[in-house]
Amino acid sequence: MQIWIDNTQQTDATDLGDALEQARIHAESAGRLIVDILVDGQPATDELFEDEPEGLDTINELRFTTADTSAIIAETAQTAIESIELLKADQEAGAQQIRSGELEDAMQTLQAIMEGWLAMRDVVDQITQIAQIDISTVQVGNETGSDSVQSLSNALAEVRETLQNEDWSSLGDVIEYDLSELAGKWATLLQSLIQTVQTT
């Protein structure tokens, strides 16, 4: 099968595994990430890579599109920083709902908060893995990135504990104070990751 990376034709591949490995090595050596794959002009499906697909010998051409790694990371981190503002708004609303006794609404808001923070943690994990950054070396004010990650884990564990114990007062405090403080720290963490990637 023919292999194209951006607008350059590569050595033909014998099978899908060979093609993917060839594209991966090429992208990594150029400091780029694969962002799109076309199979005979059509977007590649997840099933193509998850299973042992039949009929791969019918594929004539694979086209890989790549993008600059640091640019992708910066864009991803900046989007996450913007999402933190939405998290802060949810946290303010959730704390107010708890204090007002609107527990049903508060539970829905709390679910969004937890999902938002878990997504935020995934973003940082992905960035540090792709860019090969040691999170413990990233400065976040007077702390390190690993301190911020641990503080988030502790706060989310406290949210779960207070929720399980139906300790609404403590739950409101964790959301209003602890998570709000962490929102600022994580915005700084993400900004530090952008700077680290752009200067290496």
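Residues numbered from 1 in each chain as written. Predicted model: local features only at pLDDT ≥ 70, side-chain atom pairs only at ≥ 80, totals over all residues. Heavy atoms only, no water.

K.L.:
Let's hear about the pattern of salt bridges: which residues, and what values?
P.N.:
Opposite charge on two side chains makes pairing possible when the charged atoms of those side chains draw close. Applying the stated criterion across every chain, the model contains eight salt bridges. K88 is the partner of E85 in a salt bridge, and the nearest nitrogen-oxygen pair spans 3.6 Å. Highlighted residues: E85 and K88, both in helix α3 (residues 69-99), separated by three residues, approximately one helical turn. Residue classification places E85 among the partly exposed positions, given a relative accessible area of 48%. For K88, a relative accessible area of 30% gives the class partly exposed. A salt bridge links K185 to E143; the shortest N-O distance between them is 3.0 Å. Here the residue K185 occupies a position in helix α6 (residues 168-198), and E143 occupies one in strand β7 (residues 143-144), the gap between them amounting to 42 residues. Assessed through its relative accessible area of 24%, E143 is described here as partly exposed. (Salt bridge = Lys/Arg side-chain N within 4 Å of Asp/Glu carboxyl O. Helix = DSSP H or I, 4+ residues; strand = E, 2+ residues; numbered from the N terminus. Buried < 20%, exposed > 50% of the residue type's maximum accessible area, 1.4 Å probe, protein only.)

K.L.:
Outline the side chain of T66, supporting the account with residue identities and numerical values.
P.N.:
Within the secondary structure, T66 sits in strand β5 (residues 61-68). Engagement of the side chain of T66 in a polar contact is seen with the side chain of D6, the distance being 2.6 Å. For T66, the side chain forms a polar contact with the side chain of R32, separated by 2.7 Å. Aside from chain neighbours lying at most four places away, what touches T66 is I5, D6, A27, R32, L33, I34 and V35. (Polar contact = N/O pair within 3.5 Å; in protein donor to acceptor, adjacent residues only side chain to side chain. Contact = heavy atoms within 4.5 Å.)

K.L.:
Describe in detail the packing of helix α4 (residues 103-131) against α6, supporting the description with residues and values.
P.N.:
The geometry of α4 relative to α6 is characterised by a closest axis approach of 11 Å and an angle of 25° between their N-to-C directions. Judged on the interaxial angle alone, α6 and α4 are roughly parallel. With respect to the hand of their crossing, α4 and α6 are arranged in left-handed fashion. Here L103, M107, L110, I113, W117, M120, R121, V123, V124, I127, T128 and A131 of α4 lie close against α6, whose contacting residues are W168, L171, I175, L179, L182, A183, W186, L189, L190, L193 and V197. Counted by class, the contact of α4 with α6 contains 21 nonpolar, one polar and one charged residues. (Axes fitted to C-alpha atoms, helices over the stretch in contact; angles between N-to-C directions. Parallel < 35°, antiparallel > 145°, perpendicular 65-115°, else oblique. Left-handed = near helix turned anticlockwise from the far one by under 90°. Nonpolar A, V, L, I, M, F, W, Y, C, P; charged D, E, K, R; others polar.)

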